[in-house]
Amino acid sequence: MKLVELSTAVKTLEQFAKSTQSFATAIPAAGSQGAHFWKAQDTVLKECEAFSEAWFKRRHEATQSALDATKKLAERSMGDPMAAMSILAEWQTHSMERLAEDARDYLAMMTGCAAAVISNEVEAVDETVASAKSATKSAKSEPV
């Protein structure tokens, strides 16, 4: 092999290495992005699970409350409209309290999900920027 051909081959390899460097730099960034995405997804799932468990517990309480109110109405309210109104008002009060808890828990769930997604996205961007900076520093350095 001639010296000229060897020099051309070395230059070609150097150009190839430089052109693939941006791709190689992106790989750690994609890993960081992916890790933070899945971490946020896990948090969102936990938030939704906690909300659902509490919501179902309240629905069971609502069913029991309706059953109790029905029994009280059958036992106490025949011929006594005031007793019926009192029983229904008590049942309705507890129903509204459960609905307020639903709304409060829903807001807490959505806030927790949004916070998880945003904080993980910010961390991923910070890591990506740091990774890009370190990659560009090493790309600009000249081999000895």
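In this text, all values refer to a predicted model and were calculated from it rather than measured experimentally.

(A) Summary view of the overall build of the protein. Looking only at helices and strands, one finds 2 helices and 0 strands in the protein. For the protein, the proportion of its 144 residues judged to be buried stands at 18%. Across the protein, the fraction of contacts at a sequence separation of at least 24, relative to all contacts at a separation of at least 6, is 80%. As displayed, the protein has an accessible area near 10900 Å², and 67% of this comes from carbon and sulfur atoms.

(B) Main features of the pattern of salt bridges. The full count for this structure, using the stated rule, is 6 salt bridges. R58 is the partner of E101 in a salt bridge, and the nearest nitrogen-oxygen pair spans 3.9 Å. Placement of the pair is E101 in helix 2 (residues 81–140) and R58 in helix 1 (residues 3–76), with a sequence separation of 43 residues. The closest approach of N and O atoms between D105 and R104, which form a salt bridge, is 3.3 Å. Residue D105 is classed as buried on the basis of its relative accessible area of 19%. A relative accessible area of 53% places R104 in the exposed class.

(C) Examining the packing of aromatic side chains more closely. Applying the stated criterion to the full structure yields 3 aromatic pairs. Plain terms: the ring middles of F51 and Y106 are 6.0 Å apart, the flat faces sit at 70° to each other, and that makes the pair edge-to-face. With F51 in helix 1 and Y106 in helix 2, the pair connects residues that are 55 residues apart, well separated along the chain. Given a relative accessible area of 44%, Y106 falls into the partly exposed group. Ring geometry for W55 versus F56: centroids 4.9 Å apart, planes at 85°, classification edge-to-face.

(D) A look at the state of the cysteines. Under the criterion given, the structure shown has 0 disulfides. Sulfur of C48: no disulfide; nearest cysteine sulfur belongs to C113 and is 4.5 Å away. Exposure remark for C113: the relative accessible area of 10% places this residue in the buried category.

(E) The side chain of S77, seen in detail. Examined against the element boundaries, S77 turns out to sit in the loop between helix 1 and helix 2. Residue S77 is classed as buried on the basis of its relative accessible area, which comes to 12%. There is a polar contact of 2.4 Å between the side chain of S77 and the backbone oxygen of L73. The contact partners of S77, leaving out residues within four places of it in the chain, are K72, A83 and A84.

Thresholds applied
- Residues numbered from 1 in each chain as written.
- Predicted model: local features only at pLDDT ≥ 70, side-chain atom pairs only at ≥ 80, totals over all residues.
- Heavy atoms only, no water.
- Helix = DSSP H or I, 4+ residues; strand = E, 2+ residues; numbered from the N terminus.
- Buried < 20%, exposed > 50% of the residue type's maximum accessible area, 1.4 Å probe, protein only.
- Contact = heavy atoms within 4.5 Å.
- Areas by Shrake-Rupley, 256 points an atom, 1.4 Å probe, with all protein chains shown as cover.
- Salt bridge = Lys/Arg side-chain N within 4 Å of Asp/Glu carboxyl O.
- Phe/Tyr/Trp six-rings, centres within 6.5 Å; stacked < 30°, edge-to-face > 60°.
- Disulfide = S-S within 2.5 Å.
- Polar contact = N/O pair within 3.5 Å; in protein donor to acceptor, adjacent residues only side chain to side chain.

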